[in-house]
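Commentary on secondary and tertiary structure
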Amino acid sequence: MNDIKYLEMLPLSSIAKYANGHPNDGVPYSGYSRVHPSENGKLLLVSDPLGDEPVILEFKLEDVIYVEEEPSAVTESGEGVPFVKLWIKRGAFGVKLEPFEVK
């Protein structure tokens, strides 16, 4: 998607994926994850990246307590978009970024 081209970096790979079920002390957020382009200790999660109004969430890596892989989506051009569900520990702070068109 053109609105999030700057997020096209290496896929998120520094968080371990667990297989024993989700944690009870976390809150799930789903989307397309990317390493933060300028801050090493953070990640970006693009919620609904193929939709008309994507929302970009920013979290600290240390606040991610569990990662689940979800089915990938495919763009109109045939590109695969891998989705994940991130479990963020309760009480953590995140940043919500919403792209908009200046008219």
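Everything in this summary refers to the structure shown in the same document. (Residues numbered from 1 in each chain as written. Predicted model: local features only at pLDDT ≥ 70, side-chain atom pairs only at ≥ 80, totals over all residues. Heavy atoms only, no water.)

**Some words on the overall build of the protein chain**
The number of helices and strands found in the protein chain is 0 helices and 6 strands. Burial status across the protein chain gives 35% buried among its 103 residues. Excluding contacts between residues fewer than 6 apart, the proportion of contacts in the protein chain whose partners are at least 24 apart in sequence is 58%. (Helix = DSSP H or I, 4+ residues; strand = E, 2+ residues; numbered from the N terminus. Buried < 20%, exposed > 50% of the residue type's maximum accessible area, 1.4 Å probe, protein only. Contact = heavy atoms within 4.5 Å.)

**A few points about the packing of aromatic side chains**
Throughout the structure, instances matching the rule amount to 2 aromatic pairs. Ring centres 5.2 Å apart and planes at 45° place the aromatic pair Tyr29 and Phe59 in the tilted group. Placement of Tyr29 in strand 1 (residues 26–35) and of Phe59 in strand 3 (residues 55–60) is noted, with a sequence separation of 30 residues between them. Residue class for Tyr29 comes out partly exposed when judged on its relative accessible area of 32%. Judged by its relative accessible area of 7%, Phe59 falls in the buried class. Plain terms: the ring middles of Tyr66 and Trp87 are 6.5 Å apart, the flat faces sit at 65° to each other, and that makes the pair edge-to-face. Of the two residues, Tyr66 sits in strand 4 (residues 64–74) while Trp87 sits in strand 5 (residues 80–89), which places them 21 residues apart along the sequence. Tyr66 sits in the buried class, given a relative accessible area of 7%. (Phe/Tyr/Trp six-rings, centres within 6.5 Å; stacked < 30°, edge-to-face > 60°.)

**Section: the pairing of strand 4**
The side chains of a regular strand alternate between both faces of the sheet. By the bridge criterion, 8 bridges tie strand 4 to strand 5 in an arrangement that is antiparallel. Bridge pairing in strand 5 links Ala73 to Val81. Linkage of strand 4 to strand 5, two consecutive antiparallel strands, is achieved through a turn of 5 residues, within which Gly78 is found at a positive phi near 90°. (Pairing = 2+ DSSP bridges.)

**What about the nonpolar core?**
Counting 10 residues, the largest nonpolar core consists of Leu43, Leu45, Val55, Leu57, Phe59, Val64, Val67, Val84, Leu86 and Ile88. At the level of elements, strand 2 (42–47), strand 3, strand 4 and strand 5 are the ones that each hand at least two residues to this core. Listed in part, the 7 residues of the second largest apolar core include Leu44, Ala73, Val81 and Phe83. (Core = buried A, V, L, I, M, F, W, Y, C linked by side-chain atoms within 4.5 Å.)

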